[in-house]
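Chain residues, written in single-letter form:
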Amino acid sequence: MTAGARELFDIPDGIAYFNTASLAPTLRAGLAAGGEALARRARPWLIRGDDWFTGAEERRGLFAGLIGATADDIALVPATSYGLAVAAANLSARAGSRVLVLAGEYPSGVYTWRRFTERTGASMLTVERGPGQTWTEAVLERLDESVAVVSVPQVHWTDGASLELDRIAEATRAVGAALVIDASQSAGAMPLDVSGLRPDFLVSVGYKWLLGPFGLGYLYVDAAHHGGRPLEENWILREDAQDFARLVDYRDTYQPGARRFDVGGRTAFELTPMAVAALRQLTAWTVPGVADALANITDRIAAEAAGRDLPFPHPRGPHMLGITVPEGVRGRVVPALEESGVFVGARGTAIRISPHLHTTDEDIDRLFGVLDTVLGRAGRASGHA
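Described below are features of the structure shown in this document. Not measured: the values here are computed from a predicted model. (Residues numbered from 1 in each chain as written. Predicted model: local features only at pLDDT ≥ 70, side-chain atom pairs only at ≥ 80, totals over all residues. Heavy atoms only, no water.)

What follows deals with the pattern of salt bridges. Summed over all chains, the structure comprises 24 salt bridges. Note that R300 is salt-bridged to E304, the shortest N-O span being 3.1 Å. Of this pair, R300 and E304 both sit in helix α9 (residues 287-307), 4 residues apart, which is roughly one turn of that helix. E304 shares its class with R300; the two are buried. Note that R366 and D363 form a salt bridge whose closest N and O atoms lie 3.8 Å from each other. (Salt bridge = Lys/Arg side-chain N within 4 Å of Asp/Glu carboxyl O. Helix = DSSP H or I, 4+ residues; strand = E, 2+ residues; numbered from the N terminus. Buried < 20%, exposed > 50% of the residue type's maximum accessible area, 1.4 Å probe, protein only.)

Pasting the structure below:
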């Protein structure tokens, strides 16, 4: 059962938090695990040699299970930018080819691929949507054999507008391009199966829909790239690194699979237990279960918005949506909401609403009560008392 899980989060009464897409609230289990980890780290004589590896390996395996991968396919990275940099360093493009991205895409991806085009002689292809067009339709319309890399998310980060990755993946393979997916705004909240999608790389941060701490992210690497070049060379990635007494017997061989792409500080004694606690909870809930529960919440939010003629994207992910408010009041909405204990994200022209399983009907009532006041519709009744 995934609904009504507010007690699992440290969110006081009077706070309506709708900004998971920016920074997720921490589970109480994560807070407890983090406290224990800090206390243990304060006494380093309690940390054994195996502890440099076991937590990281559990974290790797848990994330793999959420996306249909194996532990050998997962590298532990600190940020989206790091994962995308690994992808860019291990892909190539002929001069004159193109890298396809969405208009308004997350900046880290755009900057990474711009640098990639400088190195390869390729160019950027920024896809815009036409009137009434979905992102999927826009991508498929522009995707041809001139494209070397397709770099797309599962939902657009500004408003939750969704993409059909299965169709895009098939079309990408058909033209011989590489597929890179930024799942930072969907992993943990929308079903993902890399065994079917077969992307070259997929990256996600851990502090959004994976409910973990800042600084611990994940990179899926297709087996075809397991022999690639990592961004850095560090001791813990090398074969037999567990044998501390022989670390100066320098080895050229790496740990198996995608582990060669791990960031050097992957052990993260203080943070790893928090991430593990969150991934265990998501595994227990299941991602489809989370998606269904969040769809129920966002469907009500969408209905309330539609009743007020406030536009939002179609199609969209089950877990977030951007509501467009009139330009004349746009600058007043977020401050007014925060004064009433309601927290959202402002991205572009949209007020991005991203709840989680802590969200209640009362939270939604408070959200639209404030919007009604700002919009001059104070008499408008919400769908719930």
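This part covers the sheet that holds strand β12 (residues 350-353). Spatial strand order, β9-β12-β11: 3 strands in an open sheet with antiparallel pairing. Edge positions in the sheet fall to β9 (321-324) and β11 (345-347), since each has one partner strand and no second. If you compare each strand with its neighbour and ignore which way they point, the axes differ by 35° on average. Taken together, the 3 bridges between β11 and β12 define a ladder with antiparallel strand orientation. Across the sheet, residue A346 finds its bridge partner in β12, namely I351. (Pairing = 2+ DSSP bridges. Axes fitted to C-alpha atoms, helices over the stretch in contact; angles between N-to-C directions.)

Before going further, it helps to spend a moment on unusual backbone geometry. Note that the residue after H314, namely P315, is joined by a cis bond; omega there is -15°. Secondary-structure assignment places P315 in the loop between α9 and β9.

Spatially, β2-β8-β7-β6-β5-β3-β4 is the arrangement adopted by the 7 strands of the open sheet, whose pairing is mixed. The open sheet has two free edges, formed respectively by β2 (74-77) and β4 (123-127), since each of these has just one partner strand. Put simply, the sheet's adjacent strands are angled 20° from each other on average, direction ignored. Of the pairings in the sheet, the one linking strand β3 (residues 98-102) to β4 comprises 5 bridges and is parallel in character. Considered in β4, the bridge of L100 is made with L125. Relative to the sheet, helix α5 (residues 135-142) contacts β3, β4 and β5 (147-153), its axis offset from that of β4 by approximately 140°. (Contact = heavy atoms within 4.5 Å.)

Before going further, it helps to examine the pairing of strand β7 (residues 201-204). Sheet faces and side chains relate simply in a regular strand, where the side chains alternate between the two faces. Burial along β7 is two-sided: F201 and V203 and L202 and S204, pointing in opposite directions, are all buried. Alignment of β7 against strand β8 (residues 217-221), held across 4 bridges, turns out to be antiparallel. Within the sheet, the bridge partner assigned to F201 lies in β8 and is V221.

With that settled, consider the packing of aromatic side chains. As enumerated under the stated definition, the model contains 10 aromatic pairs in all. Centroid distance W52 to W235: 5.9 Å. Interplanar angle 65°. Geometry classified as edge-to-face. Placement of the pair is W52 in the loop between α1 (28-41) and α2 (54-67) and W235 in the loop between β8 and α8 (272-285), with a sequence separation of 183 residues. The partly exposed category is assigned to W235, whose relative accessible area is 35%. Between Y106 and W157, the aromatic rings sit 5.0 Å apart at their centres with planes inclined by 90°, giving edge-to-face as the arrangement. (Phe/Tyr/Trp six-rings, centres within 6.5 Å; stacked < 30°, edge-to-face > 60°.)

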